[in-house]
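Commentary on secondary and tertiary structure
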Amino acid sequence: MNELQYIEKVKGDPNWEEENIILVPLEQIRYDKHEKKNGARSSSHRPGTLQQLKDSIRRRGVQIPIDGSRRADGQWDGHDGFGRTGRSISVIDDATRLIGVIDDILSGKEVGSTIPPEDMKNILKLSKRDLLELKKQCEEEIERCKRIPVNPKNYHNEQDRLASML
């Protein structure tokens, strides 16, 4: 589902999201190799687009639902490429690494180089209070990204699925 489709659905029926969208734990959404590397989306080729998406997800979580179909094993197949889901995973990974660095600093352990040197330099300048606040922000980012809004879809065949992506 893209942003325009989402806006049209919500404008047409104010209850549409409440009646149709479910929040799915991130770890239950699967993609095949092709979808993870899907280069068909021109927006992902504009400089800064994926970083803007990641920054938006970091602040608010995923806002536009992805299309997905539930599998027999309870997992979900994502049908929108890997953009929003992949950026959510990236936000969680970044925040988890930063929490580890903060915990090491606060406990007096030697800090590894899991984040960029310039960021590390800035973090080492923070007070204990600021470090705890930054850790709290990271935990909130992780919480926002742990669930993805999904618009359940069942396609009759692969052509229907591909047509819906256009």
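Residues numbered from 1 in each chain as written. Predicted model: local features only at pLDDT ≥ 70, side-chain atom pairs only at ≥ 80, totals over all residues. Heavy atoms only, no water.

With their axes 7 Å apart at the nearest point, helix α4 (residues 49-60) and helix α7 (residues 128-145) run at an angle of 100° to one another. One finds that α4 runs roughly perpendicular with respect to α7. Taking contact as the criterion, the partners of Ile57, Arg58, Arg59 and Arg60 in α4 are, on α7, Glu141, Arg144 and Cys145. A breakdown of the residues in the contact of α4 with α7 according to their chemical character gives two nonpolar, no polar and five charged. (Axes fitted to C-alpha atoms, helices over the stretch in contact; angles between N-to-C directions. Helix = DSSP H or I, 4+ residues; strand = E, 2+ residues; numbered from the N terminus. Parallel < 35°, antiparallel > 145°, perpendicular 65-115°, else oblique. Contact = heavy atoms within 4.5 Å. Nonpolar A, V, L, I, M, F, W, Y, C, P; charged D, E, K, R; others polar.)

On to the layout of surface pockets, then. Within this model, the second largest pocket holds a volume of roughly 270 Å³. As for the second largest pocket, its lining consists of 14 residues, and the residues nearest its centre are Arg58, Asp94, Leu98, Ile115 and Asp119. Looking at the lining of the second largest pocket residue by residue, the class counts come to seven nonpolar, two polar and five charged. (1 Å grid on protein atoms, 1.4 Å probe; cavity = no way out; pocket = protein on both sides within 12 Å on 5 of 7 lines; lining within 4 Å. Points joined across faces, edges and corners; volume = space filled by probe spheres on them.)

Here we take up the packing of aromatic side chains. On inspection of all chains with the given rule, the structure shows two aromatic pairs. On the numbers, 6.4 Å between centres and 70° between planes, the contact of tyrosine 6 with tryptophan 16 is edge-to-face. Taken together, the positions of tyrosine 6 in helix α1 (residues 3-12) and tryptophan 16 in helix α2 (residues 16-20) put the pair 10 residues apart, joining distant regions of the chain. Residue classification places tryptophan 16 among the buried residues on the basis of a relative accessible area of 8%. Ring geometry for tyrosine 31 versus phenylalanine 82: centroids 5.2 Å apart, planes at 75°, classification edge-to-face. Of this pair, tyrosine 31 sits in the loop between β2 (29-30) and α3 (33-36) while phenylalanine 82 sits in the loop between β4 (76-78) and α5 (83-107), placing them 51 residues apart in sequence. Look at tyrosine 31 and you get buried, because its relative accessible area is 13%. (Phe/Tyr/Trp six-rings, centres within 6.5 Å; stacked < 30°, edge-to-face > 60°. Buried < 20%, exposed > 50% of the residue type's maximum accessible area, 1.4 Å probe, protein only.)

What follows is about the pairing of strand β3 (residues 66-70). The buried fraction of β3 amounts to four of the five residues, a majority that puts the element mostly inside the structure. Bridge count for β3 against β4 is three bridges, and the pairing is antiparallel. Within the sheet, the bridge partner assigned to arginine 70 lies in β4 and is tryptophan 76. Count of turn residues in the β3/β4 antiparallel hairpin: five residues, of which glycine 74 carries a positive phi of about 90°. (Pairing = 2+ DSSP bridges.)

Scanning the model with the defined rule gives 10 salt bridges in all. Between lysine 54 and aspartate 94 there is a salt bridge, with its nearest N and O atoms 2.5 Å apart. Residue lysine 54 is found in helix α4, and its partner aspartate 94 is found in helix α5; the two are separated by 40 residues along the sequence. A salt bridge links lysine 121 to glutamate 118, with the nearest nitrogen and oxygen atoms 3.8 Å apart. Pair noted here: lysine 121 and glutamate 118 are both in helix α6 (residues 117-124), with a separation of three residues, about one helical turn. Judged by its relative accessible area of 47%, glutamate 118 is partly exposed. (Salt bridge = Lys/Arg side-chain N within 4 Å of Asp/Glu carboxyl O.)

Close inspection of predicted coordinates is inappropriate in any region flagged by low pLDDT. Averaged over all residues, the pLDDT of the protein equals 86, while 84% of them reach at least 70. Per-residue pLDDT, averaged within each element of the protein, yields its smallest value for α3 (62) and its largest for α7 (97). (pLDDT = per-residue confidence, 0-100.)

Below, the discussion takes up the nonpolar core. Across soluble globular proteins, you tend to see nonpolar side chains buried next to one another. Formed by 25 residues in total, the largest nonpolar core has its most connected members in Ile29, Ile66, Leu98, Ile115, Ile123, Ile148 and Val150. Within the residue set of this core, elements represented by two or more residues are α5, α6, α7 and β5 (147-152). Examining the composition of this core, we find that seven residues originate from one element, α5, more than from any other. Setting aside anything within four residues of it in sequence, one finds isoleucine 123 in contact with Leu98, Ile105, Ile115, Leu131 and Leu134. (Core = buried A, V, L, I, M, F, W, Y, C linked by side-chain atoms within 4.5 Å.)

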